[in-house]
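Spelled out, the chains give:
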Amino acid sequence: MSDEVNPFESLQEQIDDAAAFLDVDAGKLERIKYPERVLETNLTVELDDGTIEVFEAYRSQFNGDRGPYKGGIRYHPNVDRSEVKALSGWMVYKCAAVGIPYGGGKGGIAVNPIEYSDAELERLTRAFATELRPLIGADRDIPAPDVNTGQREMNWIKDTYETLENTTEPGVVTGKAIESGGSAGRVEATGRSVMLVSREAFDYLGWDINEATVAVQGYGNAGSVAAELLDDSGANIVAVSDSSGAIHHPDGLDASAVKEYKLQTGAVGGYDGATETMTNEELLTMDVDLLIPAALENAIDEELARDVHADIIVEAANGPLTPDADDVLSESDVHVFPDILANAGGVTVSYFEWVQNRQRFHWTEERVNDELERVITEAFDDLVDVYESHDVPNFRTAMYVVAIRRVLQSARESGVWP
Ligand code: NAD
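Figured I'd write up the structure that's included with this text. (Residues numbered from 1 in each chain as written. Predicted model: local features only at pLDDT ≥ 70, side-chain atom pairs only at ≥ 80, totals over all residues. Heavy atoms only, no water.)

In this section: the site of the ligand. Close contacts around the ligand come from 23 residues, with Asp146, Thr190, Asn221, Ala222 and Asn318 the closest. Measuring from a nitrogen atom of the ligand, one finds a side-chain N or O atom of Asn280 at 3.3 Å. Notes on the ligand: free accessible area 830 Å², of which the protein chains cover 84%. Those elements that provide at least two residues to the shell around the ligand are α6 (186–205), α7 (221–232) and β7 (236–242). Of the residues belonging to the shell around the ligand, the class tally is seven nonpolar, 11 polar and five charged. (Near = heavy atom within 4 Å. Polar contact = N/O pair within 3.5 Å; in protein donor to acceptor, adjacent residues only side chain to side chain. Areas by Shrake-Rupley, 256 points an atom, 1.4 Å probe, with all protein chains shown as cover. Helix = DSSP H or I, 4+ residues; strand = E, 2+ residues; numbered from the N terminus. Nonpolar A, V, L, I, M, F, W, Y, C, P; charged D, E, K, R; others polar.)

As structure tokens, then:
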């Protein structure tokens, strides 16, 4: 894993790579490579022992041409301004790639949540929600879960916002618990789109996903659900990992049993249905049909990419490959299906949640999953159209061509630029 690659520079390079296939004015191109604004704040929180601690926190609003800013809130010690800017930009192009009416935003707090009590995390989250209040709103900027945040944090943000605004506005955040205005299917949505994109990718390449061998790096929300759904559809999950290391069974692991084990123990390591343990690097270079990086940015750098033996990579994480790794993998004919399509299920079902909140109406899980499948398969078709009609080097560039075109078109139609 490379810590040296700046994810914001990776985003800008990805935009430049795609812009080379579009007739974009240099000034407009510059405009869509930077956030519109970034909030940087210091949250002051009283800990349970009465001491005070200060936490750095950010919210980046990257581009709002296509609708309200939309994107998750991450709690992780590595959160910084550059990471949040990158993640907010990826949200812009993700929402445009799948054609939902949002811009992109992202936020985060530099914190390791396992070091704090639930009460401390609640005070921290409410302090952040108070800082965010002037910026967010169902028509302005809509946070959602990301790494180490979930329904609980979204409920706290919603409650703080509604209390301060003296209103009820469930659409101010998505990823809420069902009884607080959440949507059926939201928790599984990111993993579900990873499964759908994997299925479409195998179909497109003329390969059979049943019996395909799969390795998954990162066994949290995105990775574990993708593994379960692929396991259900006949694929063979031979290795999975988390930050504690990887486990392997050549005949396949029971993805749901491993998820349950991690839920009980906090880690995949020690699961007794595995034949061996390995490092994350060993997992990432396994000879499998499908590799799913589902942890954090920069998991595969240029050096590691040279050792990748998978045929297909479907990116569940945001930005798991550095641009140099992308170049190596394109040259070695590894088919990479990009994050802005593969993990877009999360934001797509967030959009459905927001629509339901505005309608004050609840959709069935079946309806949510059907609509999600339609959105993802249509976006996959848009990707293939550009891939086949332009001389692009890989699927990522094709998807960015689709997305950048949409962002530029909406800016043009608003009369912002000629
Ligand atoms: P999560 O916190 O539920 O899970 C993250 C997992 O990655 C954990 O199992 C953790 O142990 C593991 N991990 C962390 N560092 C690792 C490392 N160095 N090697 C191996 N494993 C490591 O988070 P999540 O929501 O599943 O998010 C994972 C990725 O998916 C992130 O890049 C996130 O931005 C992206 N994503 C998530 C969603 C969503 O709806 N949850 C939507 C879109 C994108």
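This part covers the side chain of Gln217. Looking at where Gln217 falls in the secondary structure, it is placed in strand β6 (residues 213–217). The class of Gln217 is buried, set by a relative accessible area of 7%. Once residues within four sequence positions are removed from consideration, Gln217 is found in contact with Ser241, Asn280, Leu283, Leu284, Ile292, Pro293, Ala294, Ala295 and Ala299. (Buried < 20%, exposed > 50% of the residue type's maximum accessible area, 1.4 Å probe, protein only. Contact = heavy atoms within 4.5 Å.)

This brings us to the nonpolar core. The biggest cluster of nonpolar side chains holds 88 residues, and the ones touching the most others in it are Tyr93, Leu230, Val240, Ile292, Phe337, Tyr400 and Ile404. Here this core spans two domains, and each of domain 1 (35–173) and domain 2 (189–342) adds at least three residues to it. Not counting residues within four places of it along the chain, the set of residues in contact with Tyr93 comprises Leu11, Ile15, Ile32, Ile340, Tyr400, Ala403, Ile404 and Val407. (Core = buried A, V, L, I, M, F, W, Y, C linked by side-chain atoms within 4.5 Å. Domains from an automatic or database assignment.)

Another aspect to go through is the sheet that holds strand β1 (residues 37–46). Spatially, five strands are ordered β1-β2-β4-β3-β5 in an open sheet, and the strand pairing comes out mixed. The outermost strands of the open sheet, each flanked by one partner alone, are β1 and β5 (141–145). Direction aside, the axes of adjacent strands within the sheet are offset by 20° on average. Across three bridges, the pairing between strand β3 (residues 69–75) and strand β4 (residues 104–109) is parallel. Residue pairing in the sheet places Tyr75 in a bridge with Ile109 of β4. (Pairing = 2+ DSSP bridges. Axes fitted to C-alpha atoms, helices over the stretch in contact; angles between N-to-C directions.)

By the definition in use, this model includes 15 aromatic pairs. With centroids separated by 5.4 Å and ring planes inclined at 70°, the aromatic side chains of Phe55 and Tyr116 adopt a geometry described as edge-to-face. A residue pair is termed long-range when its members are at least 10 positions apart, and Phe55 in strand β2 (residues 52–63) and Tyr116 in the loop between β4 and α4 (118–132) qualify at 61 residues. Each member of the pair Phe55 and Tyr116 is classed as buried. Measuring from centroid to centroid gives 4.3 Å for Phe337 and Phe395, while their planes differ by 25°, and the two rings are stacked. Placement of Phe337 in strand β12 (residues 335–337) and of Phe395 in helix α15 (residues 395–413) is noted, with a sequence separation of 58 residues between them. The same class applies to Phe337 as to Phe395, namely buried. Taken together through their ring pairs, the aromatic side chains of Tyr102, Tyr351, Phe352, Trp354 and Trp363 make up a single cluster. Positioned over the ring face of Tyr102 is Lys70, at 6.0 Å from the centre of the ring. (Phe/Tyr/Trp six-rings, centres within 6.5 Å; stacked < 30°, edge-to-face > 60°. Lys NZ or Arg CZ within 6 Å of the ring centre and 35° of its normal.)

Turning our attention to the side chain of Ser241. Relative to the elements of secondary structure, Ser241 occurs in strand β7. With relative accessibility at 0%, the residue Ser241 sits in the buried group. With residues up to four places along the chain from it excluded, the contact list for Ser241 reads Val216, Gln217, Gly218, Tyr219, Ala246, Val268, Asn280 and Leu283.

Within the secondary structure, Glu188 is located in helix α6. Classification of Glu188 as partly exposed rests on a relative accessible area of 30%. With 32 residues separating them in the primary sequence, Glu188 and Trp156 have C-alpha atoms 21 Å apart. Contact partners of Glu188, with chain neighbours within four places excluded, come to Val225 and Glu365.

Taken by themselves, the reported measurements are silent on function.
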